[in-house]
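# Coordinate inspection notes
Chain residues, written in single-letter form:
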Amino acid sequence: MKKTATYVVSFICTFAIAGLGAVVTYLCMDGYRAVNKPPLTPPEWLFPVVWTILFALMAIAAARVFIKDRENSRMPLLINTAQLAANFLWCVFFFGMGAYLFSFLWLLMLIVLVILTSVTYYRIDKPAGIMLVPYIVWLSFAAYLNLAIYIVNM
């Protein structure tokens, strides 16, 4: 039962942040639709699908780390919390404010936080660390999109 509760709490916390980011994004989609997009921009419907999968992997990974080594999970989960907050704020900066260059730089910091999360997770639970690799790949692609949107809309 404790494991199940850990997964439930992890999903609630992770998807609460995801939901806040989704609200900001949704409310600002008209602005995003109006900007010029670079080559390789995926269709809009793909973003929520990918993000749902990535947030589910984040929640599972966090729960695994907490279950595997509760005592040593504090720092990895703190870094994870920082990356979740940074992820949400990126939505505010990019979609809400249209601050594309700042958002790109923020996204680079987010990638570093996710790599740190992955590495610290890996030390406790290898599968948990590996679960964040798709997130790192997607953020790297998002960095391309973000920078390219800045450039093509200068």
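Quick summary incoming for the structure in this document. (Residues numbered from 1 in each chain as written. Predicted model: local features only at pLDDT ≥ 70, side-chain atom pairs only at ≥ 80, totals over all residues. Heavy atoms only, no water.)

## A short note on helix 7 (residues 133-152)
- With 20 residues, helix 7 ought to run about 28 Å at 1.5 Å a step, and its terminal C-alpha atoms sit 29 Å apart, in line with that.
- When helix 7 is considered as a whole, its buried residues turn out to be Tyr-135, Ile-136, Trp-138, Leu-139, Ala-142, Ala-143, Leu-145, Asn-146, Ala-148 and Ile-149. (Helix = DSSP H or I, 4+ residues; strand = E, 2+ residues; numbered from the N terminus. Expected span 1.5 Å × (residues − 1). Buried < 20%, exposed > 50% of the residue type's maximum accessible area, 1.4 Å probe, protein only.)

## Section: a nonpolar patch on the surface
- Taken together, the side chains of Tyr-122, Ile-130, Val-133 and Val-137 define a hydrophobic patch exposed on the protein surface, amounting to about 360 Å² of accessible area.
- With respect to the secondary-structure elements, Val-137 resides in helix 7. (Patch = residues over 30% accessible without salt bridge, like charges linked within 9 Å, V, L, I, M, F, W, Y side chains within 5 Å. Areas by Shrake-Rupley, 256 points an atom, 1.4 Å probe, with all protein chains shown as cover. Salt bridge = Lys/Arg side-chain N within 4 Å of Asp/Glu carboxyl O.)

## Details of the layout of surface pockets
- Of the voids in this model, the largest pocket is the one considered here, and its volume is about 700 Å³.
- Lining the largest pocket we find 31 residues, and of these Thr-25, Phe-47, Pro-48, Trp-51 and Phe-95 sit closest to its centre.
- For the lining of the largest pocket, the elements supplying multiple residues, two or more each, are helix 1 (2-27), helix 2 (29-34), helix 3 (46-68), helix 4 (74-96), helix 5 (100-124) and helix 7.
- Class assignment of the residues belonging to the lining of the largest pocket gives a composition of 23 nonpolar, 7 polar and 1 charged.
- If you add up the space inside the second largest pocket, you get close to 290 Å³.
- Lining the second largest pocket are 14 residues, and of these Val-9, Ser-10, Cys-13, Ala-62 and Leu-77 lie nearest its centre.
- Contributing elements (two or more residues each) for the lining of the second largest pocket: helix 1, helix 3 and helix 4. (1 Å grid on protein atoms, 1.4 Å probe; cavity = no way out; pocket = protein on both sides within 12 Å on 5 of 7 lines; lining within 4 Å. Points joined across faces, edges and corners; volume = space filled by probe spheres on them. Nonpolar A, V, L, I, M, F, W, Y, C, P; charged D, E, K, R; others polar.)

## Quick look at the packing of aromatic side chains
- One pass over the full model with this rule turns up 16 aromatic pairs.
- Measuring from centroid to centroid gives 6.1 Å for Phe-15 and Phe-55, while their planes differ by 55°, and the two rings are tilted. You can see Phe-15 sitting in helix 1 and its partner Phe-55 sitting in helix 3, a full 40 residues away along the chain.
- In this structure Phe-55 comes out as buried when scored by relative accessible area, which is 5%.
- Geometrically, the ring pair formed by Trp-90 and Phe-94 is stacked, given 4.7 Å between the ring centres and 15° between the ring planes. Taken as a pair, Trp-90 and Phe-94 lie in helix 4 at a separation of 4 residues, close to a single helical turn.
- Among the aromatic residues, ring-to-ring pairing joins Phe-11, Phe-15, Trp-51, Phe-55 and Tyr-135 into one connected group.
- The ring of Tyr-32 carries the charged tip of Lys-37 above its face, separated from the ring centre by 4.4 Å. (Phe/Tyr/Trp six-rings, centres within 6.5 Å; stacked < 30°, edge-to-face > 60°. Lys NZ or Arg CZ within 6 Å of the ring centre and 35° of its normal.)

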